[in-house]
Amino acid sequence: MVSLSPTPLVALCLLCFLAFCVPQSSSAVTKIGLGYRLISIENGADGALVGTLQVKQSNNIYGADIPLLRFYAKHESENRLRVHITDAKNKRWEVPYNLLPREQPPPLKQSIALSSSSEKKKNKKKKNQRSVSEKDYPGSELVLTYTSDPFSFAVKRKSNGDTLFNSSSDDTDPFSSLVFKDQYLEISTKLPRDASLYGLGENSQTHGIKLYPNDPYTLYTTDIAAINVNADLYGSHPVYMDLRNEGGKAYAHGVLLLNSNGMDVFYTGTSLTYKVIGGVLDFYFFAGPSPLNVVDQYTSLIGRPAPMPYWAFGFHQCRWGYHNLSVIEDVVENYQKAKIPLDVIWTDDDHMDGKKDFTLNPVNYPRPKLLEFLDKIHSIGMKYVVIVDPGIAVNASYGVYQRGMANDVFIKHDGDPFLGQVWPGAVHFPDFLNPKTVSWWGDEIRRFHELVPVDGLWIDMNEVSNFCNGKCTIPEGRICPNGTGPGWICCLDCKNITNTKWDDPPYKINASGIMAPIGYKTIATSAVHYNGVLEYDAHSLYGFSQSIATHKGLQGIEGKRPFILSRSTYVGSGKYVAHWTGDNQGTWENLRYSISTMLNFGIFGIPMVGSDICGFYPQPTEELCNRWIEVGAFYPFSRDHANYYSPRQELYQWESVAESARNALGMRYKILPYLYTLNYEAHLSGAPIARPLFFSFPSFTESYGLSTQFLLGSSVMVSPVVEQGQTQVKALFPPGTWYNLFDMAHGVVSKEGTYVTLDAPLHVVNVHLYQNAILPMQQGGMVSKDARTTPFSLIVTFPAGAKEGEAQGNLFLDDDELPEMKIASGSSTYIDFHATIKDGTVRVWSQVQEGKFALDKGWVIDSINVLGVTGSKAVMDVSQSHVNVSITEQQLYGQGDDGGSKVVMVGMNGLNIPVGKSLDITWKMES
């Protein structure tokens, strides 16, 4: 279940109201003050620098300046530099260190000697700039320099001298020097015009994956539909990747501002300015230099992505509006009849009693029949996932509420639990920053699991969403809600709260894309969490803190690997949850947006991501749903989900869509071993599952802005149709040989990188496998449990006609119910595959770690297909005479007719080699 956007008329009225009634912020040039000067600097522990900054000239724009700041910088590793700026005397809000574990800066000093006017004059005569030299930090790729008056700092790359971040401001710059007030922080960096930036989300970006100059980028978790472009949506990820090409060589780096307060980020193309309404400036710089390096370094700080169970990579079906058990029984049956793979069936709030969390509707979802249904689907390997919203219904007869009140777990306002309204009516919101709340939440999960053995949880509405504004009370003398009309209309008695600086801060971020008040349709920002923490500061952490509590609760039940899907996310959420992109529309534009958002979340360290296939609302066209499943079958998280008010759109509703689904999902289920291995790699290094092309081809500048194609891992490229009425797709092929995964006898040779127009009739999606790869596949099935037992095949790709070449791939297999995902005796197997061709001799071999697990499962490699070789026959050793060999000529676009040998595919089947045993096969290609 997800909240619905207002009708266009209502939205227009709201926009007009806010436009006239809310103070406006602007990206227009307004320099604030003269910045700070450095009055002392000293070496701290472990090579850190600790300095004191003094404001040069006070002013009251957006409040009074904080007079003294503490500047702290440290090279935390050879590729990570931290710069932390805060009030020198008073502790300020930061992202809690227990939520996001990291090194703490030294404690603040209570007494600081101020710089006198005579000292200031002396300082002006001194040389103004100091470099922290390479010899100071010989192991670091990042060099820190600073200027004393006005204070600024810069971060440079040692290897090429490139400036990655520069906070200085002179008279010609359209931004201020450092500004640091209680509720307004401003800092900027200069950028080269040819830098390509990615990140700063979550938002739907009309211009594609690259940040676009002068588009608004606001970070503040908000329940507005993903159909709203260039607006702050459900997550807050204040991190960006900067990719530059210098002389044909690519260099990438990352910048994180670890701050949970609301912020506007203004990107002009030559500068980037942060305007933040609280907290501290806590920057982390990641040296790269490749995009994969950046994500590796980033996730080493914020937490590696969670391991996902194998079944999570199957196809999922959901709908808000499966009113009773017989409907989902019918859905499962119809998928089986249509021969469309399905692993997971979901229910929205339909299974609940009065839309209350952790309950069952006794009429529509009677427990005995539901348990019987679950036994049936569990027996074939299918799973069941249900929704949980954070709002707990205020109902004296409701056990979850009773226990919550008894344990004092709710966010407070004026000493009482804050009252809001969501689907069940009046609700209180759990405070997941409170350790007691985490324990209570885990206990409620346990109780519900005993009632219904669900396989995962879907935590929604956790921005947090509230249908009302301000301070509310339950009305007397009328039922609220009364069961008629839209469920998202506020029916509590409410009054606005604007009398505190937290509810009405001096600087207005562009919340909801319309400059809404920051407490609009959420918890009042003057509400209080555990230990006096203000909602003003912790707002964007709500979904993150709930994710941690939910993960702990689920894992504690049976010790199994949890599966959790969260709508709201923050820096570090990927360590606990998967994500879907929220309320999208069944339009071609939203199909295109889904690709950019998916790719961004890979950069954010949340690789298990996807969008509602065919759109959440309103009704998609049949053609659109065909094309969407052809894209969605290759999302890391693949789920069809629709709105209560939309017509049914399960993939079997149209025969044409069913055919496209059988085709696209059929391939997904064949490459599940590859997807699952990418899940393992993501857990080890943060490597995204779905990636922009520039991750594998960082020096190929043509790919920098490409937002309609993507890679799975390093080698599988998806080039979908994303425009109405098209039966061809113009696809960019980076340099090299690409083989059609659906028809390996065909492919493309791209000598320097080129666009190729591919045929793409309605039921066809173009997926290509790059050269030098070894792709492990299986034979597919209707459920991943069955697909997992089928024989393996290896697809080996060499550059077309290469006289010499190498290829490699890998495979990770494990007991996917175990919480940890690692190479371990008896519970997992890891295999490196290698292949070479030289002087006509082809060799394919493997190196196995911990083979016992795979051997016990009885998995075998039945076939190998080697692509791109030359010759008309394969001469094998007599010991391999039982192997069936086939030679198929390959037709490769762009190869040219140079009179050379024909390129062929060599197929071998009947191998029957145990997966857990090393293989080594050699043969000679002859004419």
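Worth saying up front: this structure is predicted, and the values here are computed from it rather than measured.

Cut-off values and rules
Residues numbered from 1 in each chain as written. Predicted model: local features only at pLDDT ≥ 70, side-chain atom pairs only at ≥ 80, totals over all residues. Heavy atoms only, no water. Helix = DSSP H or I, 4+ residues; strand = E, 2+ residues; numbered from the N terminus. Rg over C-alpha atoms; globule rule 2.2 N^0.38 Å. Buried < 20%, exposed > 50% of the residue type's maximum accessible area, 1.4 Å probe, protein only. Contact = heavy atoms within 4.5 Å. Areas by Shrake-Rupley, 256 points an atom, 1.4 Å probe, with all protein chains shown as cover. Phe/Tyr/Trp six-rings, centres within 6.5 Å; stacked < 30°, edge-to-face > 60°. Lys NZ or Arg CZ within 6 Å of the ring centre and 35° of its normal. 1 Å grid on protein atoms, 1.4 Å probe; cavity = no way out; pocket = protein on both sides within 12 Å on 5 of 7 lines; lining within 4 Å. Points joined across faces, edges and corners; volume = space filled by probe spheres on them. Nonpolar A, V, L, I, M, F, W, Y, C, P; charged D, E, K, R; others polar. Salt bridge = Lys/Arg side-chain N within 4 Å of Asp/Glu carboxyl O. Axes fitted to C-alpha atoms, helices over the stretch in contact; angles between N-to-C directions. Parallel < 35°, antiparallel > 145°, perpendicular 65-115°, else oblique. Pairing = 2+ DSSP bridges. Core = buried A, V, L, I, M, F, W, Y, C linked by side-chain atoms within 4.5 Å. Patch = residues over 30% accessible without salt bridge, like charges linked within 9 Å, V, L, I, M, F, W, Y side chains within 5 Å. Lys, Arg positive; Asp, Glu negative; His and termini not counted. Charge placed at Lys NZ, Arg CZ, Asp CG, Glu CD.

### What about the overall build of the chain?
No. 1: Helices and strands together make up the secondary structure of the chain, namely 15 helices and 52 strands.
No. 2: Taken over C-alpha atoms, the radius of gyration comes to 29 Å for the chain, in line with the 30 Å a tight globule of 927 residues would show.
No. 3: Considering only C-alpha atoms, the chain reaches an extent of 90 × 75 × 50 Å along its principal axes.
No. 4: The burial tally for the chain puts 62% of its 927 residues in the buried class.
No. 5: Put simply, 70% of the contacts in the chain that link residues at least 6 apart link residues at least 24 apart.
No. 6: For the chain, the accessible area works out to roughly 33,300 Å², and carbon and sulfur atoms hold 49% of it.

### What about the packing of aromatic side chains?
No. 1: Going through the model one piece at a time under the given rule, you end up with 51 aromatic pairs.
No. 2: Ring geometry for phenylalanine 697 against tryptophan 738: centres 5.8 Å apart, planes inclined by 50°, an arrangement best described as tilted. One end of the pair, phenylalanine 697, is in the loop between β34 (690-691) and β35 (710-712); the other, tryptophan 738, is in strand β38 (residues 736-740), and 41 residues separate them in sequence. Both residues of the pair, phenylalanine 697 and tryptophan 738, count as buried.
No. 3: With centroids separated by 5.1 Å and ring planes inclined at 85°, the aromatic side chains of phenylalanine 697 and tyrosine 770 adopt a geometry described as edge-to-face. Residue phenylalanine 697 is located in the loop between β34 and β35, and its partner tyrosine 770 is located in strand β41 (residues 766-770); the two are separated by 73 residues in the primary sequence.
No. 4: An aromatic cluster is present here, built from Phe358, Phe410, Phe432, Trp440, Trp441, Phe448 and Tyr542 joined pairwise through their rings.
No. 5: Its guanidinium or amino end placed over the ring of tyrosine 755, lysine 730 lies 5.1 Å from that ring's centre, counting from NZ or CZ.

### Overview of empty space enclosed by the protein
No. 1: All told, the structure shown has 7 cavities of 30 Å³ or more when counted by the stated rule.
No. 2: Here the largest cavity defines a volume of roughly 80 Å³.
No. 3: Taken together, Glu202, Ser204, Ala226, Leu233, Thr581, Asn584, Asn590, Tyr593, Ser594, Thr597 and Ser611 make up the full set of residues lining the largest cavity.
No. 4: For the lining of the largest cavity, the per-class residue count stands at 3 nonpolar, 7 polar and 1 charged.
No. 5: Taken as a whole, the second largest cavity spans an internal volume of roughly 50 Å³.
No. 6: Class assignment for the residues of the lining of the second largest cavity results in 8 nonpolar, 3 polar and no charged.

### Description of the pattern of salt bridges
No. 1: According to the stated counting rule, one finds 44 salt bridges in the structure shown.
No. 2: The salt bridge involving aspartate 223 is made with arginine 567; its shortest N-O contact spans 3.2 Å. Taken together, the residues span a long stretch of sequence, with aspartate 223 in the loop between β12 (216-219) and β13 (237-246) and arginine 567 in the loop between β29 (564-566) and β30 (578-580) at a distance of 344 residues.
No. 3: For aspartate 223, a relative accessible area of 18% gives the class buried.
No. 4: The residue aspartate 814 makes a salt bridge to arginine 561 at a minimum N-O spacing of 2.9 Å. Of this pair, aspartate 814 sits in strand β44 (residues 804-814) while arginine 561 sits in the loop between α9 (542-558) and β29, and the two are 253 residues apart along the sequence.
No. 5: For aspartate 814, a relative accessible area of 2% translates into the label buried.
No. 6: Given the relative accessible area of 5%, arginine 561 is considered buried.

### Here's the deal with the packing of helix α11 (residues 622-632) against helix α12 (residues 655-670)
No. 1: Where α11 contacts α12, the two axes come as close as 8 Å, and the packing angle between them is 5°. With respect to α12, the element α11 is oriented roughly parallel. Across from Glu622, Cys625, Asn626, Ile629, Glu630 and Gly632 in α11, the residues of α12 making contact are Ser656, Val657, Ser660, Ala661, Ala664, Leu665 and Arg668.

### Side note on the sheet that holds strand β32 (residues 612-613)
No. 1: Strand order across the open sheet formed by 9 strands is β31-β30-β29-β26-β20-β19-β18-β33-β32, with parallel pairing between neighbours. Single-partner strands in this sheet number two, and they are β31 (609-610) and β32.
No. 2: Relative to strand β19 (residues 344-347), strand β18 (residues 315-317) is paired through 2 bridges, and the arrangement is parallel. Paired with glutamine 317 across the strands is isoleucine 345, a residue of β19.
No. 3: Relative to the sheet, helix α5 (residues 367-379) contacts β19 and β20 (383-388), its axis offset from that of β20 by approximately 130°.

### Focus: the layout of surface pockets
No. 1: The computed volume of the second largest pocket comes to approximately 710 Å³.
No. 2: Contributing to the lining of the second largest pocket are 29 residues, with Trp311, Lys383, Lys560, Asp816 and Glu817 lying nearest its centre.
No. 3: When residues of the lining of the second largest pocket are assigned to their parent elements, the largest contribution, 3 residues, is made by α9.
No. 4: Taken together, the residues of the lining of the second largest pocket break down into 12 nonpolar, 5 polar and 12 charged.

### Brief notes about the nonpolar core
No. 1: Ranked by size, the top nonpolar core spans 183 residues in total, and within it Tyr384, Phe634 and Leu712 carry the most contacts.
No. 2: With near-sequence residues (within four places) excluded, phenylalanine 634 lies in contact with Ala664, Met667, Arg668, Ile671, Phe710, Leu712, Val718, Phe742, Val765 and Val767.
No. 3: Core analysis: the second largest hydrophobic core is formed by 44 residues, Leu53, Ile66, Ala73 and Leu272 among them.

### Here we look at a negative patch on the surface
No. 1: Where like charges cluster on the molecular surface, the negative patch consists of Glu329, Asp330, Glu372 and Asp375.
No. 2: Elements with a contribution of two residues or more to the negative patch: α4 (325-338) and α5.
No. 3: Within the secondary structure layout, aspartate 375 lies in helix α5.

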